[in-house]
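Listed below, chain by chain, are the residues.
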Amino acid sequence: MWTTVTSDMKQPADYQFRRVTIDLGRGDIHQENVSCQELEDFLGGIGRSFKLLGAYEVTDAFAPSSPLIMNLGIFSGTEMMTGLRTFFSAYSPLKVAQNGRPLAMWSTASGDFGTRLLSAGIDEVIFLGRAERPVYLLIHKDGDTLRLSLEDARDLLGQTTHEKIVCLTDRHPGSHVAALGPTGEHWQQNAYAAIACSTGNEIETRDCKPRFAGRGGMGSIMGSKQLLAIVAQAPIPKRAKLSPALLAANKEISRGEGSRNYRDPKKGNGAGGTWRNVAGLHPVGALPEMNFWPQGNDRPSSLYRAALEEPYVIKDESCFQCGIACHKNIYEVKEENGRRKAGKFFTKFDYEPLDLLTINLGIYDQQEALEIVELVDQLGFDSISLGVTLGYVMDYNRQHPQQQILEGVTFGDFAGACRLIKAAAAGQLPELGQGVKRLAESLGETSYAMHCKGLELPAYLPETNPGYPFALAGGHMSMRTFLFLVFEGKTDLDYWVDAIVNRGIYYTRDDLIGLCKFAGTPDRVITPALRELYGIEVSSEEMQHATQRTYLRGLLLERKQGTTLDDYVLPERTYEHNPHVQLPHFITPEFWHTLRERVFQEFDVQIERYGLHAVP
C-alpha cells in the first residue's frame, strides 16, 4: 500500500495497492497497481475480498475458474502489534446453500507469513485455474527486484503441514510459508482442509507451531488448484522508532482490558487464554460434550489447565513481536538441577481444538488429548469441522447400535477416532471429510448435526446463541454473540435483534484491518495509528460503517447464490432442553422465527440506507 501524494493528510483514494493475478493452468502471473475507490479498499482484508467475489459466477467451489483470494489488512505486517493476519477468501466447498451452491466466506491466520508478504510488496493475490502438476508459489524479493514463480512441488506430496514448512524454509532461507497438509492434497474427499502459516517460533525450534486458516475449506480450494504451498521470501525492512500513536496502541494491546482474557495471570492480570473456557463453561453446563450435549458430570475437569500444570510444562508463547502471548504450548517435564524445565514439545492447546477433539468426543485422558490435537494439526484439518463431524458419527452410532457407520466408533474411542482421522486425511473416507451436513442428510438424521449453512459450529452451544445462522464465516469469529447469554443473561427479542444486527457484526472489523481479535483493540487507539502511519483520518463511526457495509455485501453474496429463509436455521436439537445446562433455555421455534424475520427486516433497511445492491 503506497501513495504519491505528499500532503500530510490524505484520502483513501490517494492510495494504491499491488495485486497479483495468477492463472495456474496457463502459468501466467500478472501484476498491477490498483487505486483504492473507497474506505473498504484501503482497509483491505474482507473489505476488498467481498467486492471481488461478487464479480465471479461460481456454482462449483472446486471449478478451476473459482477464485481463491489471499490478501492483507491495512495493519498486516506493520509495527502495529498483532498486525500479522493473512486472509484467504473464496466460495466455500463446505458452506453451501440448500440449492447446493457454494457460499462466500473467508478464513485467516496469524504467524509471520503475512509480514513477509508485505515485505515483498504484495497486498493481494488472486489464484485462478488449476496447475497441471503440484506446484508452490515462490515470492522472492531481493532489493528492488521482485520475482514470482511457480515451482515444482511433487517432492512435497504426502508431507504434513509442518514438514512442508520446514522443507521450504530450509530451501528458501529467510522465508515464511503457507502450506497444506495431506488433507488438502486430497481435496476431492475433504471439504475442510486448513492452510497452515508458519511462525518464527516454529522455524527456530522446528516444533509444529503454525497458525491456521481453518474455517470453510480454504485449504481444500488451494489443494484443488494443485497449489501445495506459498513461500514469501523477503527481508523485513529495518524498523524505525515507533511513533507515539503506535507506542500507545501497542501498550493498549499488550496490557489493556481488550486482551486481558488471552494473557496469562502472570502477565498483566490475564485470564489465561481461550483454554480458560473449559473451566469457565463446564460448571454451568455450557461446555459442548459428546456432540454438544453436556453430561452433567465432572469428567471434563481432567482437561482444565490447572489439571495439566503438574504433569506438563505449559509455556505461554507469542506470535512475532506480540505482547499477549496467547499460545499455550505444552511440553514434557524435564528435571534439571532440581528445577522443572520444558522438554519435548507436544502440542498447542486452544479452546476449540481441545474441546471439540476431546470432550466433545468423550475423550478425557490428558495424553490422548495432546496426541489427537497434534495429529490434526499435522494433517491439516480444520479442527472445528472435524471434531463436530466426528461427534455426530459417535452420536449416531450410540443411537443406532445395530447399524453403525465408520467402524462403529463411539464416544471415548481415542484409537478409533485417530484411525478415522488418518484415513480421511488420506482421502479414504469422503463421508467424514465432506462435513456433518452432507453426512447427516445422507443418513436422513439431521436434528443433531451441529452446523449452520453447512459450516460446523464452534464450541459453544447453539441454544445459547441464536446469532449463529447469521454469521458469515463461523459462528464465533464473524458474529460476536456466542457468549452474550453467559455474560449478560438476556433472553428478550429486542435484545437479540440488536445483538445480532449491530453489536455482533462489529467483531469483523479486524477482518478488514488485519489485527488479531484477541487484542480487542479499541477504535480510540486505531484511528490515531492510521493517522500517523498513513495520514488518513478515519473516525470510529466511519470504521463502523465500513464494517457494516462489508457484512451486508457478504449477506448479498449469499442471496446471489440463492439462499432463502430456509438456509438460516439452527440445529433442531437447539429446541430441546438439556437439564444439565444451567442457563436460560429460551430459543423456541416461535422465538426463532420471529427473531429471524425482524433481523432480516433490519438488514434490508441497512442495505437500502447504504445504497447496496445484490450482485446480478
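What counts, and where the lines are drawn
Residues numbered from 1 in each chain as written. Predicted model: local features only at pLDDT ≥ 70, side-chain atom pairs only at ≥ 80, totals over all residues. Heavy atoms only, no water. Helix = DSSP H or I, 4+ residues; strand = E, 2+ residues; numbered from the N terminus. Expected span 1.5 Å × (residues − 1). Buried < 20%, exposed > 50% of the residue type's maximum accessible area, 1.4 Å probe, protein only. Contact = heavy atoms within 4.5 Å. Polar contact = N/O pair within 3.5 Å; in protein donor to acceptor, adjacent residues only side chain to side chain. Core = buried A, V, L, I, M, F, W, Y, C linked by side-chain atoms within 4.5 Å. Salt bridge = Lys/Arg side-chain N within 4 Å of Asp/Glu carboxyl O.

Engineer: Before we go on, may I ask you to explain helix α14 (residues 414-425) in this structure?
Structural biologist: At 3.6 residues per turn, the α-helix brings residues three or four places apart onto the same side. Between its first and last C-alpha atoms α14 spans 17 Å; for twelve residues at 1.5 Å apiece the expected length is 16 Å, and the two agree. Of all twelve residues in α14, nine are buried; the element is thus mostly enclosed. Within the span of α14, buried status applies to F414, G416, A417, C418, L420, I421, A423, A424 and A425. Against the buried residues of α14 lie α5 (182-185), α12 (366-379), α13 (383-399) and α15 (430-433). By the N-cap criterion, in which a side-chain oxygen at the helix start approaches the backbone nitrogen of a residue two or three places on, α14 is capped by D413, the distance to G416 being 2.8 Å. Phi turns positive, to about 85 degrees, at G427, one or two residues after α14.

Engineer: Would you mind showing me how to read the environment of R18 here?
Structural biologist: Locating R18 in the fold gives a position in strand β2 (residues 15-23). Remark: the alpha-carbon pair of R18 and S35, spanning 17 residues in sequence, is separated by 9.0 Å. For R18, the contacting residues outside a window of four places in its chain are W2, Q31, E32, N33, A120, G121, I122, D123, E124 and L146. In this structure the side chain of R18 is engaged in a polar contact, spanning 3.2 Å, whose partner is the backbone oxygen of G121.

Engineer: Would you take a moment to explain the nonpolar core for this structure?
Structural biologist: Counting 190 residues, the largest nonpolar core has I230 and F603 as the members making the most contacts within it. Setting aside chain neighbours within four positions, we find I230 in contact with M70, F88, F113, F127, L137, I139, H176, V177, A178 and M222. By size, the runner-up hydrophobic cluster in this structure holds eleven residues, among which are I253, C322, C326 and A519.

Engineer: Where do I start with the pattern of salt bridges in this structure?
Structural biologist: If charged atoms from side chains of opposite charge come close, those side chains can pair. On inspection of all chains with the given rule, the structure shows 41 salt bridges. A salt bridge links R26 to D23, with the shortest nitrogen-to-oxygen separation between them at 3.3 Å. According to the relative accessible area criterion, D23 is buried, its value standing at 17%. When the shortest N-O distance is used, the salt bridge between R509 and D510 registers 2.8 Å. In this pair, the class of R509 matches that of D510, namely buried. Taken together, the shared-partner salt bridges in this structure form one network comprising E38, E40, D41, K51, R549 and R553.

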